[in-house]
Amino acid sequence: MDFGPFLFLATLEGLVQAAVLCLIALGLSLVFGVMRVVNVAHGEFYMLGAVLAWWITGWFAGNPAIGFVAAIIIGPLLVGVIAYFVERLILRKVEYDPEATIVATIGILYIVQQLVLITFGPDARPVDTPFYFLIEFPWFGYSGYKLLVICAAIMLLLAVWYVITRTRLGLVMRATQYDRETAQNFGIAVNQVYAIVFATGAGLAAVAAVLIVPIQQAHYLMGRDPLLLSFIVVIIGGLGSIRGTLVAALIIGLSDGIISVFFSPTLAKMVSTLLVAMVLVFKPEGLFGSRSQL
Amino acid sequence: MVWVVAMTLLSARRLSKYFGGLRAVDEVNFELETGEIRAIIGPNGAGKTTFVSLLCGRLEATDGSIIFENQDITGLPAFKRARQGIAYTFQITSIYSKLSVRENVAIAAQNATDKSRDAAYRVQDALTRSGIPELADEIAGSLAYGHQRVLEVAMGLAMSPKLLILDEPTQGLSDMEIEQFCELVSDINNTATVLLIEHNMHVVMKLAQRITVMDRGRVLAEGLPEEIRRNDAVQAAYLGS
Amino acid sequence: MSSEQAKSIFLHAGVLAGLFLLQFFLPEYHHLSVTRIMLLAVFAMGFNLLFGYTGLLSLGHAMFFAAGMYGAGLSAYHLGWSVPLSFMVGIACGVVLSLAIGLIALRTTGVAFMIVTLMFSQVAYLTIVYFTTYTRGDEGLVMPESARQFVLFGQQLSLTHPGTRYNLALMLLAIVMASVWLLVRGDFGRSLIAIRENEARTKMLGYNTFLIKLKVLVVSGTISASSGAGYALMFAYIGSSFATIQYSIDPLLYTLLGGAGTVLGPFLGTALMFYLIDITSEYTSAYLLVAGIVLVILVLFFPRGLLGAVRNRWFGWLP
């Protein structure tokens, strides 16, 4: 293949990565932005979404699209409910103290991961693509499903954006983010908002997982890389800044896909992680976000 | 016969602090003499706390210079200024609330400017002079508010400072506690120069040898208590009549 | 000497003496386990100096452990250096790495510090994997026979002998325990606690808090590296799995369980957790579930850990 088409293919692959990363990182960013909580277990909610998708699609014989539609509705909902209870039973109890929350979410990471291992076993589980459709470019055919992933992610991002900027729930969220105490004084049930935001954040990661699982496979250890990547995205984008998160996810998802085609993935990860750590040290407001206190 | 000559302990030249467009402290010139008790008064938002924060190094000055004992300290970090003898007590009580009173004072005494006596002596001395030796083993966070304020001062005292800056020390104290507090400050003044931000005019008139009035980031007036009381501009800006 | 100090010396010396005597009674399997526990407890003690006393939560201490491990292991493997020399190289790597990380990471505080240390540690892990020619990555290296024998103070010692390993580990533990004990009881320890409780105030009391944090980070990293170096040489193996996030979480878990900010806490926590996981792994491959559950329970109900709770209730003098 010539260089041009090759780059085009790499870009398409990068866009799929970016789309999924956008959703995961948005969940992390939302939780951090509103609750000032770093959720180390975020990657496990993603993993849980993928494994549930495999489990749910197993209920349906016949057309894989039916199972997939069921999975993308039920999976994230289940994950959201679990996250809701985690928030209620654990995070609220430690009063969102930064240190205690990190330690607690590390604990939750292990618990979720190991419970999945016990329940579903250590094997990687494939999920059928809901439909087979090749889009013919002059140089190669490309999976229509992957393009659907990109479109679905864009739709979801638009939906989240709409909720945050145009609805009462979004207003309440922004008010809570801006000043917790004042929001409480204005009769906003801050506790309720926190639980909903935490569940939504986890749900977004789960949606991303269901979308990606026909391309990759579901596995109980699959949560770690997306966690680190979305950390990177959220830091580069500016902690708590949603616009910055999206820009960063696009850049990193794209470049990760493209770079790993040309360079050793380990070296690419090494350099990018180091650079991101430096951004956090020397430019904590991120490269694209507005300044926000840690 | 000893001639007591007024010596300048600290002076600020065109000292300024801008927060974006806000001129919190605007080209302030200020002189403090060794051994005096100086009060800074002024309405809320006049820049008093910002000004003393510049002196003790909690904030970095945008412009201007600070001279302490004939040495330019403008660029020094807060901890070095503290070691040279500038102690600051916070407006909002800032003690180690989980540690004992003695431990609080001991932390302060560790970097005292005058280390001619051993640390244990200096801790006990600061506790005794502040009148809280019997509270030494209490956990600081469990003390009554008034005692916490006294502990703040005891920590300042334990540093054997040359200049003790007190930011609204009597806020929230009862009348009786205020009287005791005034005695404590008079006692401290035997060994240190005192710079006091204070709203309570009774305290100011009782303690201060000179008064500086600030308004909107500038020095509005400066003089003896009597002069300040009679000053029309001060009346208008601050005393509210 | 105050009676509190005497009690405290008595307690710590007693623990060490007990460990010395224990080797004559332990069956082979537990003999080896206790050797590992002592080495890992050194790691946790280093971590605790930073986390328990200074209030800085590092999520990347595996990199210091790995610095010691690879510093010692690579010089013994590739350069054929003697065991004591390789051990010193491991420690030197710990000093250099912790100094470099400290100068950069200590510009941040709170959550940012946790994430930055996590990321640096991840970089260290990837570095080990990347230079697989020398490190053999995940597969790791087995120390050559030349690194199993050495002469110390005129004694010919063999690291294949379990008793030698046990007593060397005990020696390292004793040295580190004594150092930490001395460190936290003096003026330096007081300044650490002051930073933990209220850093802003501590600055205003004349402390160069950055320098103090840098010092304690270097001491903490170096102690962790000594544990890693000891582990590499005694068990004759180095591998990249020792540099994963898992090995950054472990000292946190041990410290939290035993009691952060106590000298003995990390040792107690290491011993308990080691056996807890050891027993669980007989029944299930998902033994990390226990680690997760313990972390959550500790955070929810025993934030001060076991020794912390004991100290609060009964023994105020416990350092």
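Just above, that's the structure.
We now turn to the structure provided with this report. Keep in mind the model is a prediction, meaning the values are calculated, not measured.

With 39 residues of chain A at the contact, the number on the chain C side is 39 residues. When the two sides are added together, the surface that chain A and chain C hide from each other amounts to roughly 3,400 Å², 87% of it contributed by carbon and sulfur. Looking only at chain A, the three residues that lose the most surface to chain C are Val103, Tyr110 and Met270 of chain A, adding up to 18% of its buried area. At the junction of chain A and chain C, the tally comes to 0 salt bridges. Summed over the shared surface of chain A and chain C, the number is 1 residue pair in polar contact (both at pLDDT 80 or more). Those elements giving two or more residues to the side of chain A that touches chain C turn out to be α3 (64–91), α4 (98–120), α9 (224–237) and α11 (265–282) of chain A.

Centre distance and the angle of the planes are the two values used to describe a pair of aromatic rings. Residue and element names in this part refer to chain A. Within the structure shown, the criterion is met by 22 aromatic pairs over all chains. Aromatic pair Phe68 and Tyr145: ring centres 5.8 Å apart, planes at 90°, arrangement edge-to-face. Here Phe68, found in helix α3, pairs with Tyr145, found in helix α5 (residues 144–166); they are 77 residues apart in sequence, far enough to count as distant. A single burial state applies to Phe68 and to Tyr145, both of which are buried.

A separate point is the side chain of Thr54 of chain C. All names here are of chain C. Locating Thr54 in the fold gives a position in the loop between α2 (28–53) and α3 (62–78). Thr54 sits in the buried class, given a relative accessible area of 2%. Looking at Thr54, its side chain comes within polar contact range of the main-chain oxygen of Leu49, at 2.9 Å. Apart from residues lying up to four places away in sequence, Thr54 is in contact with Leu49, Leu192, Ile195, Arg196, Lys213 and Val216.

All names here are of chain B. Bridging between strand β1 (residues 8–19) and strand β4 (residues 63–68) involves 5 bridges; their strand directions are antiparallel. When the sheet's bridge partners are listed, Ala12 is paired in β4 with Ile66. Judged from the 2 bridges that link them, β4 and strand β5 (residues 71–72) form a sheet pairing that is antiparallel. Residue Phe68 lies in a different strand from β5, and its bridge partner there is Gln71. Between β4 and β5, which follow one another and run antiparallel, lie 2 residues, and Glu69 among them has a positive phi close to 50°.

All names here are of chain C. For helix α1 (residues 3–22), built from 20 residues, the straight-helix expectation of 28 Å at 1.5 Å per residue is met to within 8% by its first-to-last C-alpha distance of 28 Å. Within the sequence span of α1, burial applies to Ser8, His12, Leu16 and Leu19. The buried residues of α1 occupy an angular sector of 60° when the element is viewed end-on, so they sit on one face. Exposed positions of α1 whose direction lies more than 90 degrees from the buried face are Ser3 and Phe10. Where α1 is buried, its residues touch α2, α7 (162–185) and α12 (265–283).

Basis of the calculations
- Residues numbered from 1 in each chain as written.
- Chains lettered and ligands numbered in written order.
- Predicted model: local features only at pLDDT ≥ 70, side-chain atom pairs only at ≥ 80, totals over all residues.
- Heavy atoms only, no water.
- Contact = heavy atoms within 4.5 Å.
- Buried area = accessible area lost by both parts, 1.4 Å probe.
- Salt bridge = Lys/Arg side-chain N within 4 Å of Asp/Glu carboxyl O.
- Polar contact = N/O pair within 3.5 Å; in protein donor to acceptor, adjacent residues only side chain to side chain.
- Helix = DSSP H or I, 4+ residues; strand = E, 2+ residues; numbered from the N terminus.
- Phe/Tyr/Trp six-rings, centres within 6.5 Å; stacked < 30°, edge-to-face > 60°.
- Buried < 20%, exposed > 50% of the residue type's maximum accessible area, 1.4 Å probe, protein only.
- Pairing = 2+ DSSP bridges.
- Expected span 1.5 Å × (residues − 1).
- Arc of directions from axis to C-beta.

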